[in-house]
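# Commentary on secondary and tertiary structure
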Amino acid sequence: MKTIDQLNFAGKKALIRVDFNVPLDKDYNITDDNRITAALPTLKKILADGGSLILMSHLGRPKDGPTNEFSLKHIIPHLSELLGKEVQFADDCIGEQATEKAGALKDGDVLLLENLRFYKQEEKGDKDFAEKLSKLGDIYVNDAFGTAHRAHASTAVIAQFFPQAKYFGYLMAAELENAEKVLNGAAKPFTAIMGGAKVSDKLLLIESMLSKVDNLIIGGGMAYTFAKAQGGTIGNSLVEMDKLELALELIEKAKQKGVNLLLPLDSVIADAFANNANTGVALKGEIQDGWMGLDIGPESVKLFSKVVAESKTVLWNGPMGVFEMETFEKGTKAVAEAVVEATKNGAFTLIGGGDSAAAVAKFGFSDDVSYVSTGGGALLEYMEGKELPGVKAINEL
Ligand code: AMP
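Residues numbered from 1 in each chain as written. Predicted model: local features only at pLDDT ≥ 70, side-chain atom pairs only at ≥ 80, totals over all residues. Heavy atoms only, no water.

Our working rule: UniProt positions are given in the numbering used here, feature names are shortened, and annotations may be inferred rather than shown by experiment.
As annotated in an unreviewed UniProt entry, the protein carries the name Phosphoglycerate kinase and is attributed to Mucilaginibacter galii. Here is the UniProt Subunit (unreviewed entry) comment for the protein, exactly as written: "Monomer."

## Observations concerning the overall build of the protein
What counts, and what does not: Think of it this way: any DSSP run of H or I at least four residues long counts as a helix, any run of E at least two long counts as a strand, and we number them from the N terminus. For a compact globule the rule gives 2.2 Å times the number of residues to the power 0.38, and the radius of gyration it is set against comes from C-alpha atoms. Partly exposed describes any residue whose relative accessible area lies between the buried limit of under 20% and the exposed limit of over 50%, with all areas from a 1.4 Å probe on protein chains only and scaled to the type maximum. Computed with a 1.4 Å probe, the accessible areas rest on the Shrake-Rupley method; for each residue, only the protein chains presented here act as cover. As used throughout, the charge tally considers Lys and Arg to be positive and Asp and Glu to be negative, leaving His and the chain termini uncounted. The atom standing in for a charge is NZ when the residue is Lys, CZ when it is Arg, CG when it is Asp and CD when it is Glu.
Within the protein one finds 14 helices and 17 strands. For the protein, whose C-alpha radius of gyration is 23 Å, the value lies close to the compact-globule estimate of 21 Å for 397 residues. When its C-alpha atoms are laid out on the principal axes, the protein stretches across 70 × 45 × 35 Å. A total of 397 residues make up the protein; the buried ones form 56% of that total. On the protein, roughly 16700 Å² of surface is accessible, and the fraction owed to carbon and sulfur atoms is 49%. Both charge centroids of the protein, one from 42 positive and one from 55 negative side chains, sit 3 Å from each other.

## Some words on the side chain of Thr-147
One can find Thr-147 in the loop between strand 5 (139–142) and strand 6 (166–168). Thr-147 sits in the buried class, given a relative accessible area of 4%.

## Quick word on the site of the ligand
Our working rule: It suffices for a single heavy atom of a residue to lie within 4 Å of a molecule or strand for the residue to be listed as near it. Whenever a nitrogen or oxygen atom comes within 3.5 Å of another N or O atom, the pair is scored as a polar contact, on the condition that within protein one atom can donate a hydrogen and the other can accept it, and that pairs from neighbouring residues in sequence are kept only if both atoms are in side chains. Three classes are used, and their members are as follows: Ala, Val, Leu, Ile, Met, Phe, Trp, Tyr, Cys and Pro are nonpolar, Asp, Glu, Lys and Arg are charged, and the others, Gly among them, are polar.
In the vicinity of the ligand lie 14 residues, with Ala-197, Gly-221, Gly-293, Glu-324 and Asp-355 positioned nearest. In the model, an oxygen atom of the ligand is placed 3.1 Å from a nitrogen or oxygen of the Ala-197 main chain. Between Glu-324 and the ligand, the recorded distance is 2.5 Å, taken from a side-chain N or O atom to an oxygen atom. Here the residues of the shell around the ligand sort into six nonpolar, five polar and three charged.

## Some words on the sheet that holds strand 17 (residues 371–372)
Definition in use: Pairing between two strands is assigned when DSSP locates at least 2 bridges connecting them. When checking whether two residues touch, look at their non-hydrogen atoms; a contact exists if any pair is within 4.5 Å. Only the stretch in contact is used when a helix axis is fitted, and all axes are lines through C-alpha atoms; the angle between N-to-C directions ranges over 0 to 180 degrees.
Judged by pairing direction, the sheet is parallel, and its six strands sit side by side in the order 10-8-7-15-16-17 without closing on themselves. Since the sheet does not close on itself, it has two edges, and those belong to strand 10 (260–262) and strand 17, each with one partner. Bridge count between strand 16 (residues 348–351) and strand 17: two bridges; the pairing is parallel. The residue bridging Ile-351 from the neighbouring strand is Val-372, located in strand 17. Along the sheet face, helix 6 (residues 170–184) touches strand 7 (190–194), strand 15 (313–317), strand 16 and strand 17 and points at about 120° away from the line of strand 16.

## Things to note about helix 12 (residues 354–362)
Rule in force here: Note: the arc covers the axis-to-C-beta directions of the helix.
If you check which residues of helix 12 are buried, you get Ser-356, Ala-357, Ala-359 and Val-360. Down the axis of helix 12, the sector holding all buried residues measures 160°, keeping them to one side. Buried residues belonging to helix 12 abut strand 15, helix 11 (330–344), strand 16 and strand 17. Within two residues after helix 12, Gly-364 carries a phi angle of roughly 80°, on the positive side.

## Observations concerning the side chain of Lys-45
Residue position: Lys-45 is located in helix 1 (residues 34–49). The class of Lys-45 is buried, set by a relative accessible area of 16%. In this view, Lys-45 contacts Ile-4, Asp-5, Leu-7, Phe-9 and Tyr-170; residues no more than four positions away in its chain are not counted.

## Concerning the environment of Ala-282
Mapped onto the fold, Ala-282 is located in strand 12 (residues 279–283). Judged by relative accessible area, Ala-282 falls into the buried class, the value being 8%. Separated by 72 residues in sequence, Ala-282 and Leu-210 place their C-alpha atoms 28 Å apart. When neighbours within four sequence positions are excluded, Ala-282 is seen to be in contact with Asp-266, Ser-267, Ile-269 and Ile-287.

## Comments concerning the UniProt feature "binding site: ATP" (unreviewed entry) in the protein
Short version of the rule: A 1.4 Å probe that fits but cannot get out identifies a cavity on a 1 Å grid over protein atoms alone, an open set with protein on both sides within 12 Å along at least five of seven lines counts as a pocket, and a residue lines either if it has an atom within 4 Å of a point.
UniProt tags Lys-202, Gly-293, Glu-324, Gly-353, Gly-354, Asp-355 and Ser-356 as "binding site: ATP" (unreviewed entry). Maximum C-alpha separation among the annotated residues is 24.1 Å over a sequence range of 155 residues, too wide for a single clustered spot. Taken from the residues named earlier, the lining of the largest pocket is made up of Gly-353, Gly-354 and Asp-355. With respect to the secondary-structure elements, Glu-324 resides in the loop between strand 15 and helix 11. With relative accessibility at 53%, the residue Glu-324 sits in the exposed group. Relative to the helices and strands, Asp-355 resides in helix 12. A relative accessible area of 44% means that Asp-355 is categorised as partly exposed.

Structure, rendered in structure tokens:
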């Protein structure tokens with residue numbers, strides 16, 4: 001793997017695609033700086049070598065050109081603090097000012113470019129736009145795993161302008177190494193825990209995992225599509241009626257492949273989608289009208305926790321219930337505890353980004369698992385067996 005370790009950046013201007021797409025509150029304070037701190041090892045290595053940094057990122061989903069709301073200038077104070085030095089800013093990611101500021105950088109200087117997505121060309125993967133960006137630096141580094149599944153100008157297309165000078169940053173390298181451990185080097189028993197709202201979102205991942213895992217646990221909203229398909233009543237629970245047949249096919253495939261498919265035995269049910277709803281417990285396929293399953297129940301917790309704790313490899317993607325509400329967080333929390341226990345027993349445990357990472361962080365377990373990915377969609381696609389454009393662009397000659 002071509003990582004930044006293979007180069008001394010002294011005197012070089014490193015053009016780095018980072019993922020600084022951090023959540024901001026209404027006063028533009030960063031509410032979770034994980035994505036920035038995850039990139040720091042790369043930034044510090046290049047600065048320590050005596051190179052300078054030109055940082056490019058997107059922030060949010062701006063619809064139509066520049067807006068204050070999505071300006072990366074809001075992160076300057078915190079980034080300066082984390083790096084322990086002044087961060088310069090170009091209020092357009094291409095054009096005269098960016099060119100001048102990049103050109104004037106001295107060794108050890110840091111320049112942050114304005115939001116790439118203020119240009120439509122970024123997401124379109126426009127080659128001319130990518131070429132303009134490429135002129136700003138000597139070496140291209142991609143450390144934005146969170147957007148590695150996108151063939152955007154700054155994440156993939158730009159790499160062609162650095163045929164001899166393109167590298168993975170440390171975060172990208174760590175993400176790929178950890179994903180590979182699960183995908184192609186998993187110690188057995190290997191358990192995948194799938195949760196979240198919809199079967200359709202995780203379908204490809206479930207199919208890919210069926211050829212790899214010993215145990216496949218399915219929880220969260222998607223479990224009700226399976227329960228319904230098996231002839232149960234699910235009340236007002238989340239269901240994808242057009243995926244019933246598919247659910248039965250997955251159950252059949254798991255049987256054929258000798259995978260132990262575990263569906264919830266019971267659910268915590270509620271009479272409303274609210275933290276203060278009336279609640280109860282119902283057995284699988286026995287939820288009455290007017291009630292909905294919003295978490296796995298106590299018997300499911302016991303079953304899932306035992307299987308997880310005895311595993312040597314665990315991949316977790318998607319919560320077991322509506323963990324954002326305290327009343328329905330117990331199943332997700334218990335499974336998280338089992339993942340922590342497995343880790344203590346020597347298992348390799350990988351938490352997919354997005355909601356699973358948020359859940360593990362909410363319960364304070366982020367440091368007690370083997371690795372928490374920063375990429376939701378990117379990790380999902382990698383695990384589905386797809387080649388990520390951002391990875392391919394660096395790897396190809
Ligand atoms: P996903 O983005 O597909 O991983 O879905 C995560 C979301 O699914 C979270 O916001 C959960 O609140 C939600 N979720 C999990 N279980 C359920 C459920 N039983 N009913 C409704 N939503 C759920």
